Amino acid sequence: MKKVHLVLGSGGARGMAHIGVIEMLEEEGYEICEVIGCSMGAVVGGIYCAGFLKEYKQWLSGLTKSNVFSLFDFTFTSQGFVKGDKVFHKIQEFTGEQKIEELKIPFTAVSTDIFNKKEVYFKSGNLFKALRASIAIPGVFTPVIDEESILVDGGVLNPLPLNLVQKKDDAIIVAVNLNGPVQHLPKQPAKEMEGSSYWEWFPKFPVTGKRENTAPPKVLPKISLFDLLNTSYDFTQDRLTEMMIHHHTPDILIEVPRNSCNVFEFYRANELIEAGKNAYRNAMTNKSN
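Residues numbered from 1 in each chain as written. Predicted model: local features only at pLDDT ≥ 70, side-chain atom pairs only at ≥ 80, totals over all residues. Heavy atoms only, no water.

Chemist: Can you walk me through the overall build of the protein chain in this structure?
Modeler: Along its length, the protein chain carries 9 helices and 10 strands. Buried residues in the protein chain amount to 51% of all 289 residues. Sequence separation of at least 24 residues holds for 76% of the intrachain contacts in the protein chain that already meet a minimum separation of 6. Carbon and sulfur atoms form 54% of the exposed surface of the protein chain, whose accessible area is close to 15000 Å². (Helix = DSSP H or I, 4+ residues; strand = E, 2+ residues; numbered from the N terminus. Buried < 20%, exposed > 50% of the residue type's maximum accessible area, 1.4 Å probe, protein only. Contact = heavy atoms within 4.5 Å. Areas by Shrake-Rupley, 256 points an atom, 1.4 Å probe, with all protein chains shown as cover.)

Chemist: Before we go on, may I ask you to explain the nonpolar core in this structure?
Modeler: Soluble globular proteins tend to pack their nonpolar side chains together in the buried interior. With 72 residues, the main nonpolar core has Leu6, Tyr56, Phe107 and Ile254 as its most contacted residues. If one sorts the elements of this core by residue count, helix H2 (residues 40–50) sits on top with 8 residues. If near-sequence neighbours (up to four positions away) are discounted, Ile254 is found in contact with Val21, Val174, Ala175, Val176, Asn177, Ala279, Tyr280 and Ala283. Leu164, Val165, Met244 and Ile245 belong to the second-largest nonpolar core, a separate cluster that totals 12 residues. (Core = buried A, V, L, I, M, F, W, Y, C linked by side-chain atoms within 4.5 Å.)

Chemist: Any chance you could explain empty space enclosed by the protein here in plain terms?
Modeler: Rolling a probe over the atoms, with the probe sized like a water molecule, indicates the empty space that remains. Evaluation of the coordinates by the stated rule reveals 1 cavity of 30 Å³ or more. Taken as a whole, the largest cavity encloses approximately 470 Å³ of empty space. In this structure, the largest cavity is lined by 31 residues; those nearest its centre are Met40, Ile135, Phe141, Phe264 and Phe266. The element contributing the most residues to the lining of the largest cavity is helix H8 (residues 225–247), with 4 residues. A per-class count over the lining of the largest cavity returns 21 nonpolar, 7 polar and 3 charged. (1 Å grid on protein atoms, 1.4 Å probe; cavity = no way out; pocket = protein on both sides within 12 Å on 5 of 7 lines; lining within 4 Å. Points joined across faces, edges and corners; volume = space filled by probe spheres on them. Nonpolar A, V, L, I, M, F, W, Y, C, P; charged D, E, K, R; others polar.)

Chemist: Please clarify how unusual backbone geometry should be interpreted in this entry.
Modeler: Trans peptide bonds make up the majority, and among non-glycine residues the majority have a negative phi. Of note, the phi angle at Lys117 is positive, near 55°, even though the residue is not glycine. One non-glycine residue, Glu147, lies in positive phi territory at about 55°. Tracing the sequence through the fold places Glu147 in the loop between strand E7 (144–146) and strand E8 (149–153). Given the relative accessible area of 77%, Glu147 is considered exposed.

Chemist: Explain the pattern of salt bridges here, please?
Modeler: Pairing between side chains of opposite charge can happen when their charged atoms approach one another. On inspection of all chains with the given rule, the structure shows 12 salt bridges. Note that Lys277 is salt-bridged to Glu23, the shortest N-O span being 3.3 Å. Here Lys277, found in helix H9 (residues 269–288), pairs with Glu23, found in helix H1 (residues 17–27); they are 254 residues apart in sequence, far enough to count as distant. Residue classification places Lys277 among the buried residues on the basis of a relative accessible area of 18%. Taking relative accessible area as the criterion, Glu23 reaches 21% and is therefore assigned partly exposed. Two residues, Arg239 and Glu242, come together in a salt bridge whose shortest N-O distance is 3.7 Å. Taken together, the residues span about one helical turn, with Arg239 and Glu242 both in helix H8 at a distance of 3 residues. When its relative accessible area of 54% is taken as the criterion, Arg239 is described as exposed. Via salt bridges that share partners, Glu23, Lys57 and Lys277 belong to a single interconnected network. (Salt bridge = Lys/Arg side-chain N within 4 Å of Asp/Glu carboxyl O.)

Chemist: So what exactly am I meant to see when it comes to the packing of aromatic side chains here?
Modeler: For any pair of aromatic rings, geometry is given as the distance between the ring centres together with the angle between the planes. Within this structure, the stated rule accounts for 6 aromatic pairs. When the ring of Phe69 is compared with that of Phe74, the centres are 5.7 Å apart and the planes differ by 50°; the resulting orientation is tilted. Ring centres 5.9 Å apart and planes at 20° place the aromatic pair Phe72 and Phe74 in the stacked group. Overall, the relative accessible area of 10% leaves Phe72 in the buried class. (Phe/Tyr/Trp six-rings, centres within 6.5 Å; stacked < 30°, edge-to-face > 60°.)

Chemist: What exactly am I supposed to notice about the side chain of Thr95 here?
Modeler: Residue placement: Thr95 occurs in helix H5 (residues 85–95). Take Thr95: its relative accessible area is 7%, and that puts it in the buried class. Not counting residues within four places of it along the chain, the set of residues in contact with Thr95 comprises Phe52 and Phe128.

Chemist: Looking at this model, I keep getting lost on the pairing of E8. Mind explaining?
Modeler: Two faces belong to every sheet, and in a regular strand the side chains alternate between them. The element E8 is largely enclosed, with a buried count of 4 among its 5 residues. As paired strands, strand E5 (residues 107–113) and E8 are joined by 3 bridges and run antiparallel to one another. Following the sheet pairing, Thr112 is matched in E8 by Val152. Inspection of the sheet shows E7 paired to E8 by 3 bridges, in the antiparallel sense. Residue pairing for E8: Asp146 is matched across the bridge by Ser149. Here E7 hands over to E8 after 2 residues, with Glu147 in that stretch at a positive phi of 55°. (Pairing = 2+ DSSP bridges.)

Chemist: What is the right way to read the side chain of Ser10 from this model?
Modeler: If you trace the backbone, Ser10 turns up in the loop between strand E1 (2–8) and H1. Ignoring sequence-local partners within four residues, the contact set of Ser10 consists of Cys38, Ser39, Gly155, Pro159, Leu178, Asn179 and Gln237.

Written out as structure tokens, the structure reads:
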């Protein structure tokens, strides 16, 4: 059986595409011998290694917009406005407590310690503590305080942790980049686009400024403060991912278009899982050509 070291990148709700990739790998006879994940890649990868991907997929597939909103445990502290504990408590209802060192498949979750300015790799200990730390987007989710560490999203330093793979001779490296090239989609009518912002449930603070030139003003899209911060974060992740792929090129790179969905659109699970399968097929076709 062909063996795979699977590296799953960060990308919010696009991370549900990882499920489609995993299903395709198994369908085509690959044995996943290791998973390394960052942010949503860590969540999907950790749940898969624990043996509960089927249950997780079923739960995601039933989510609606209102369900997703109800999973946000708002706190509005100076360190973030979502605690992020509620969703993991929900997942633990069907997984139970899990220890990373006891998982069926070796697993590593990547987080960032902003106090000590370094990456943190969870290879043992409580799975859900590791996942909670790995998804803690700065300014959105409150960080995880762990002794003398302040842990936030692993994507701050390493959104696609290819450098952590200790490759076996009989295995290949497959990486899933959730920030792939933008896919050109048909333009949607204005009504359908309303509320499609990453932060559709939060207050909008339009970015305005005094123009210093006399040229006719261009018509620019309105952008909220949260959109501005999130887009800036995305650009940084793009550059870090490009450098990681350049220096640690995987055998197979699967790229999910970054505009497949917005960061909190978890109610589009079935669509995103299918997007992962399509990205897998495209990567395998390109590999064979």
